[in-house]
Amino acid sequence: MNSLRILLKYTLINKLNLNKLFKNVKKKNLVILVVLALLSSLGIFAFATLYMFLLGQTFIEIGCVELLILMGLAFGTLMCFVSNIPMCDSTLFHSRDYEMLASMPVKTKDIIISKFLTLVLINYGMMGLLIFSSTLVVAVLGALTLPMFLLTLVVFIFSPLLPLSLSAMCSFIFSKLTSKLKHKNLISTILTIAFVVSFMFISMSFRDLETDQTINAYEYILNTFKNMGYLPYLAFTGITGNYLNLIIYIVSSTAVFALFFMIVSLNYNKINSDLKTTYKNENFEMEKEKNSNVNLLSLELRKYFNLSGYVLNTIIGPIMGTVVLIVLMMQGLDTTIIAIGGDSYLALVVVALVCIFTSITPTTAATISLEGKHLWILKSMPIETKKILEAKVMVSVLTSIPFQIINGLLVFFVWKCSLLDLAFIILIPSLFSICMSYLGLYINLKTPRFDWDNPIKIVKNSTSVLITMLSSAIIYIVTGIIAIVLMVLGVYVYLILGIMAVILIGLLIICIKLVHTKGISLFEGLIG
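Caption draft 1: Representation of the overall build of the protein chain within the structure. On a plain count of helices and strands, the protein chain comes out with 24 helices and zero strands. With 528 residues in all, the protein chain has 42% of them scored as buried. If you take every contact in the protein chain between residues at least 6 apart in sequence, the share linking residues at least 24 apart comes to 83%. Carbon together with sulfur atoms contributes 69% to the accessible area of the protein chain, which is approximately 27,500 Å² in total.

See below:
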């Protein structure tokens, strides 16, 4: 029991990177950081509660406020499932401390229990955020009874088990399928993207059930959630009095979790040994020398696709734009847009929609920082600095522009838009994407960070990424305000689109000049 307690403490500290926090921060500052962390947690909970409260106004109108608990269960289950796939992989199957722990005089069972408990505790945090925020709103609105609250606590205790088990299974399957392949990182990335896109598409394209006006709104919404996700439906109906469903929920969650835990416990060492097997190519062939620009671009693309977290966080924006557009096509939104503003407004709405997702995080916002301690290798190459920077921009362009072309062709063939509409639908998001690629690169050159131990931290939380995302939002909002003002003034829609294109071209020229002048100097002065 003592070894288990120590292992759990170690795993939690290692997972949350608390060791670095305690090591690098003075005790006085540590208290301030703890207070800030608590305030941040309360802020996130307050934001979730506010969102649920605003959502609750809709349920008040149809007389079923308690359905907010169902919303919290559904969102929490989804968040846990998606978040756990990479988390389970790094904790259970590709843990960096596997060799060290395996060599220590501790039981394998204690190691596995500590890792599972760590995952469960983290999942409790995610599930509690949404379950208790929705429950609090229901209580404030006067629809929460004492039995419902007590049953909600029971459901909360078992809520992470099944999503965690299913995520771990998916993570294991992905790792198993790709562990012995040559390009396992690329294939793993493709499989993960395919899974995320499929899940997004199925969830967003869910069609409303055909119902008569006589059917109660409560039953209609409940049946809708039953079709979208059976697990939250079982939990919610259990909370509201269907004890059979509650028992099914508890038993199924516990049984699946126990079964998966048993399988991993019995095969932990074998699983980790098998998944650490790598591909080795012994067939070496001399290739013909390629153009230096082609070689450099090929090198950048390989580095990009070898980091699955990097790919997922940068390419998901353009993918989401295309998926949302397809879903709107399935719902026939074009007729609504045309009825409101006419044919000419179709291109304007599509451009506004796609640009939201186009440059959420361009690849260039982290590309310099990800060079890390190997930056000297890139700088020592006998290639002009300008070509190196252009190759990095080209990676961002190649991962974004194809989606803009796909979006334009979809609108052209499905909604039968004009050639002028097609040109603007491709041109403006492409200009916005290229502009943000250059701007992201310049910002990363100004604020690089090379002292990282996990590349995903750079992709998600680095200063350059946050500044780039903020800059993208500002540019989008400003150009949007200009477009709205012009619309109010009665300016022709195609002229508005033309003005937007000219503004983005001007911004693009400025960003290119920044990268080609100050950017080159900044790169040459960097020390990795």
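Caption draft 2: Molecular detail of the nonpolar core. With 58 residues, the main nonpolar core has Ile368, Leu389, Val411, Ile428, Leu497 and Phe523 as its most contacted residues. Sorting the residues of this core by element identifies helix H14 (308-330), helix H16 (345-358), helix H18 (375-379), helix H19 (385-398), helix H20 (401-414), helix H21 (419-446), helix H23 (463-488) and helix H24 (493-524) as the ones contributing at least two each. At 14 residues, the largest contribution of residues to this core is made by H21. Those residues within four positions of isoleucine 428 in sequence are excluded, and the remaining contacts are Val351, Cys355, Leu497, Met500, Ala501 and Leu504. Counting residues in hydrophobic clusters, the runner-up holds 49 residues, among them Leu7, Val65, Met148 and Tyr249.

Caption draft 3: Representation of H24 within the structure. Under the 1.5 Å per step criterion, the end-to-end length of H24 is 45 Å for 32 residues, consistent within 8% with the ideal 46 Å. Lysine 518 marks the point of greatest bend in H24, at about 40°.

Caption draft 4: Geometry of the packing of aromatic side chains. The tally for this structure, following the rule as stated, stands at ten aromatic pairs. Between phenylalanine 116 and phenylalanine 257 the ring centres are 5.7 Å apart and the planes differ by 90°, which places this aromatic pair in the edge-to-face class. Of this pair, phenylalanine 116 sits in helix H6 (residues 108-140) while phenylalanine 257 sits in helix H12 (residues 243-275), placing them 141 residues apart in sequence. You can call phenylalanine 116 buried: its relative accessible area is 4%. Consider the rings of phenylalanine 412 and phenylalanine 413, whose centres lie 5.1 Å apart with planes at 80°: the pair is edge-to-face. Overall, the relative accessible area of 22% leaves phenylalanine 412 in the partly exposed class. On the basis of relative accessible area, phenylalanine 413 is assigned to the exposed category, the value being 53%. Through successive ring pairs, a cluster of aromatic residues spans Phe116, Phe257, Phe260 and Phe261.

Caption draft 5: Summary view of the layout of surface pockets. Here the second largest pocket defines a volume of roughly 330 Å³. Lining the second largest pocket we find 18 residues, and of these Leu348, Ala352, Thr479, Gly480 and Ala483 sit closest to its centre. The element that contributes the greatest number of residues to the lining of the second largest pocket is H23, accounting for seven residues. When its residues are assigned to classes, the lining of the second largest pocket shows 16 nonpolar, two polar and no charged.

Caption draft 6: Quick look at the packing of H20 against H21. Between H20 and H21, the shortest axis-to-axis distance is 9 Å and the interhelical angle comes to 160°. Our classification of the angle between H20 and H21 gives roughly antiparallel. Once H20 is placed against H21, the crossing between them reads as right-handed. For the pair formed by H20 and H21, the contact residues are Ile401, Gln404, Ile405, Asn407, Gly408, Leu409, Val411 and Phe412 on the first element and Leu419, Leu422, Ile425, Ile426, Pro429, Ser430 and Ile434 on the second. Classifying every residue of the contact of H20 with H21 by side-chain character gives eleven nonpolar, four polar and no charged.

Caption draft 7: The side chain of asparagine 444, seen in detail. Note that asparagine 444 resides in helix H21. Looking at asparagine 444, its side chain comes within polar contact range of the main-chain nitrogen of threonine 367, at 3.3 Å. Those residues in contact with asparagine 444 that lie beyond four places of it in its chain are Thr364, Ala365, Ala366, Thr367, Ile368, Ser369 and Ser464.

Caption draft 8: Layout of empty space enclosed by the protein. Considering all chains together, one arrives at two cavities of 30 Å³ or more under this definition. Approximately 80 Å³ is the volume found for the largest cavity. What lines the largest cavity is a set of 15 residues, and nearest its centre among them are Thr314, Thr358, Thr361, Pro362 and Ser400. When residues of the lining of the largest cavity are assigned to their parent elements, the largest contribution, three residues, is made by H14. In terms of residue class, the lining of the largest cavity is made up of four nonpolar, eleven polar and no charged. What the second largest cavity holds in volume is close to 30 Å³. Among the elements of the structure, helix H4 (67-93) and helix H11 (230-239) are those that each provide at least two residues to the lining of the second largest cavity. Residue contributions to the lining of the second largest cavity peak at three residues, all from H11. Residues belonging to the lining of the second largest cavity are distributed by class as follows: six nonpolar, two polar and no charged.

Caption draft 9: Structural view of the environment of leucine 508. Relative to the elements of secondary structure, leucine 508 occurs in helix H24. Given a relative accessible area of 12%, leucine 508 falls into the buried group. On a C-alpha basis, the gap between leucine 508 and serine 433 in space is 9.6 Å, while along the polypeptide they are 75 residues apart. In contact with leucine 508, other than residues within four places in its own chain, are Leu431, Ile434, Cys435 and Tyr438.

Caption draft 10: Region of interest: unusual backbone geometry. You will see that lysine 416, though not glycine, has its phi angle at about 55°, which is positive. Assignment of secondary structure puts lysine 416 in the loop between H20 and H21.

Caption draft 11: The arrangement of a nonpolar patch on the surface in detail. On the surface, Val31, Ile32, Val35, Leu36, Leu39 and Leu42 cluster together into a nonpolar patch covering about 560 Å² of accessible area. With respect to the element layout, valine 35 can be found in helix H3 (residues 27-62). For valine 35, a relative accessible area of 42% translates into the label partly exposed.

Cut-offs and rules
Position labels on residues start from 1 in each chain and follow its written sequence. Only residues with pLDDT of 70 or above have their local features reported here, since the model is predicted, and side-chain atom pairs are shown and tallied only from 80 upward, although totals for entire chains, interfaces and linings are computed over all residues. Only hydrogens and water are set aside; all other atoms, that is, all heavy atoms of the structure, feed into the side-chain values. To qualify as a helix, a DSSP run of H or I must reach at least 4 residues; to qualify as a strand, a run of E must reach at least 2; elements of each kind are numbered from the N terminus. Type-normalised accessible area, obtained with a 1.4 Å probe on protein chains alone, sets the label of each residue: buried when under 20%, exposed when over 50%, and partly exposed for intermediate values. The contact definition used throughout considers only heavy atoms, calling two residues in contact when any of these lie within 4.5 Å. The Shrake-Rupley method, run with a 1.4 Å probe sphere, supplies the accessible areas, and residue values consider only the shown protein chains as cover. Residues grouped as a nonpolar core are buried Ala, Val, Leu, Ile, Met, Phe, Trp, Tyr and Cys residues, joined through side-chain atoms within 4.5 Å. To estimate how far a helix should extend, the number of its residues minus one is multiplied by 1.5 Å. Two axes enter the definition of the bend at a residue: one is fitted to the seven residues ending there, the other to the seven starting there, and the bend is the angle between them. Stacked, tilted and edge-to-face pairs are distinguished by plane angle, under 30 degrees for stacked and over 60 for edge-to-face with tilted covering the rest, among Phe, Tyr and Trp rings (Trp via its six-membered ring) whose centres lie within 6.5 Å. Buried and open spaces are told apart on a 1 Å grid over the protein atoms alone, a cavity being a set of points where a 1.4 Å probe fits but cannot get out and a pocket being an open set with protein on both sides within 12 Å along at least five of seven lines. Residues with an atom within 4 Å of a point are the lining residues. Grid points are joined across faces, edges and corners, and a volume is the space filled by probe spheres set on the points. Three residue categories are used. Nonpolar comprises Ala, Val, Leu, Ile, Met, Phe, Trp, Tyr, Cys and Pro, charged comprises Asp, Glu, Lys and Arg, and polar comprises the others, including Gly. Axes here mean lines fitted to C-alpha atoms, for a helix over just the part in contact, with angles spanning 0 to 180 degrees between N-to-C directions. Should an angle fall under 35 degrees it is called roughly parallel, over 145 degrees roughly antiparallel, and 65 to 115 degrees roughly perpendicular, with every other angle called oblique. In this scheme the handedness of a crossing depends on how the near helix is turned from the far one: anticlockwise by less than a right angle means left-handed, clockwise means right-handed. Whenever a nitrogen or oxygen atom comes within 3.5 Å of another N or O atom, the pair is scored as a polar contact, on the condition that within protein one atom can donate a hydrogen and the other can accept it, and that pairs from neighbouring residues in sequence are kept only if both atoms are in side chains. The patches described consist of residues with a relative accessible area above 30% and no salt bridge, like charges being joined within 9 Å and nonpolar side chains (Val, Leu, Ile, Met, Phe, Trp, Tyr) within 5 Å. Salt bridges are identified by distance alone: a Lys or Arg side-chain nitrogen within 4 Å of an Asp or Glu carboxyl oxygen.

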